[in-house]
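# Summary of the model geometry
Listed below are the residues making up each chain.
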Amino acid sequence: MTRARPLQRLTDDEGSSLLELLVGIAITAVFGAMFSGAIFMMTNSTKTAQSITTSSTQLSTAFTKLDKTVRFAAALSPPGRSTGSLGPVSWYAEFRTTNTGAEVCTQLRVDQATQQLQSRTWTVVAGVGTGATGWTILAQGIVNGDVTDPTADRPVPFVLVPTSGSARYPSLTVGLVATSGDASTTSMSLTTYPAVNATTTTSTSGVCQEMGRP
């Protein structure tokens, strides 16, 4: 007589089947891809926020420096672009200050080649400019130095606003678009500075042109 063999029970030590293993790997891969995507998006958002903060901070610093100088100008020059043929042209604006007792010219430049907002000064004695300083960098990553047809998002760097109506003083409008390493992320600042020491009769055609616009 043949005896019936008892049923065998699977124990935890006997592991999983190949199918169960493949299903587990697939589920892990799906969740891993979702987690990696979320981390990537968070990293990009953080970099973008840092880039915007960096560019905004440097623009704020530059505009604060300009506020302490342009506001006390006795005369403003008509802004314009250099006409030289050596490389990219740059935008320029000049203003004259006399509140220190001497006649001092400050020249602002948005250098298209280096993408920098720069400034330099010199003293005018008997109509002759002397002692020009080197260029000082006020801000970097300025990308609207090549603008000729301004738009709301990309203004020209410098605009002279003459007196008219309620505008008692001539003003210099400075518009800068800056990037901080990421070409797709920019910050724009637009500020108008009234020259409170200037008069409506001040001639601006030859203001601070002794050193040219190199």
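Refer to the structure above for everything that follows.
Keep in mind it's a predicted model, so treat the numbers as computed, not measured. (Residues numbered from 1 in each chain as written. Predicted model: local features only at pLDDT ≥ 70, side-chain atom pairs only at ≥ 80, totals over all residues. Heavy atoms only, no water.)

Mapping Ser90 onto the fold places it in the loop between β2 (80–81) and β3 (91–97). A polar contact of 3.4 Å, which involves the side chain of Ser90, links it to the side chain of Asp111. Sequence-distant contacts of Ser90, defined by excluding residues within four places in its chain, comprise Gly80, Arg81, Ser82, Arg109, Val110, Asp111 and Gln112. (Helix = DSSP H or I, 4+ residues; strand = E, 2+ residues; numbered from the N terminus. Polar contact = N/O pair within 3.5 Å; in protein donor to acceptor, adjacent residues only side chain to side chain. Contact = heavy atoms within 4.5 Å.)

Once that is clear, we can look at the pattern of salt bridges. Taken as a whole and assessed by the stated rule, the structure comprises five salt bridges. Among the salt bridges present, the one from Arg71 reaches Asp67, with a minimum N-O distance of 2.5 Å. What makes Arg71 partly exposed here is its relative accessible area of 27%. Accessibility expressed as a relative area gives 28% for Asp67, which makes it partly exposed. The partner of Arg96 in a salt bridge is Glu103, and the shortest N-O contact between them spans 2.9 Å. (Salt bridge = Lys/Arg side-chain N within 4 Å of Asp/Glu carboxyl O. Buried < 20%, exposed > 50% of the residue type's maximum accessible area, 1.4 Å probe, protein only.)

The next thing to look at is the nonpolar core. Within the largest apolar cluster, 26 residues are counted, with the highest numbers of intra-cluster contacts made by Leu117, Ile142, Phe158, Leu172, Val174 and Leu176. With six residues, the next largest nonpolar core counts Ala75, Cys105, Val124 and Val207 among its residues. (Core = buried A, V, L, I, M, F, W, Y, C linked by side-chain atoms within 4.5 Å.)

Looking now at the packing of aromatic side chains. Overall, the coordinates contain two aromatic pairs when judged by the stated rule. The ring centre of Trp135 lies 3.9 Å from the NZ or CZ of Arg109, which sits over that ring. (Phe/Tyr/Trp six-rings, centres within 6.5 Å; stacked < 30°, edge-to-face > 60°. Lys NZ or Arg CZ within 6 Å of the ring centre and 35° of its normal.)

Looking now at the environment of Pro214. Assignment of secondary structure puts Pro214 in the segment after β10 (186–194). Residue class for Pro214 comes out exposed when judged on its relative accessible area of 53%. With 125 residues separating them along the chain, Pro214 and Val89 place their C-alpha atoms 8.9 Å apart. Not counting chain neighbours up to four residues away, the residues in contact with Pro214 comprise Tyr92, Gln107, Arg109, Arg120 and Trp135.

Under the defined criterion, the tally for this structure stands at one disulfide. Two residues, Cys105 and Cys208, share a disulfide whose sulfurs are 2.1 Å apart. The chirality of the disulfide connecting Cys105 with Cys208 is left-handed, given an S-S dihedral of about -80 degrees. Separated by 103 residues along the polypeptide, Cys105 in strand β4 (residues 104–111) and Cys208 in the segment after β10 bring together distant segments of the chain. Note on Cys105: relative accessible area 0%, which makes it buried. (Disulfide = S-S within 2.5 Å.)

The next subject is the side chain of Ser82. Mapped onto the fold, Ser82 is located in the loop between β2 and β3. You can call Ser82 buried: its relative accessible area is 11%. With residues up to four places along the chain from it excluded, the contact list for Ser82 reads Val89, Ser90, Tyr92 and Arg213.

With that out of the way, let us pick up the environment of Leu176. Assignment of secondary structure puts Leu176 in strand β9 (residues 171–179). Residues Leu176 and Val110, spaced 66 residues apart in sequence, show a C-alpha to C-alpha distance of 9.0 Å. In contact with Leu176, other than residues within four places in its own chain, are Leu59, Phe63, Val110, Leu117, Ile142, Asn144, Pro157, Ser187, Met188 and Ser189.

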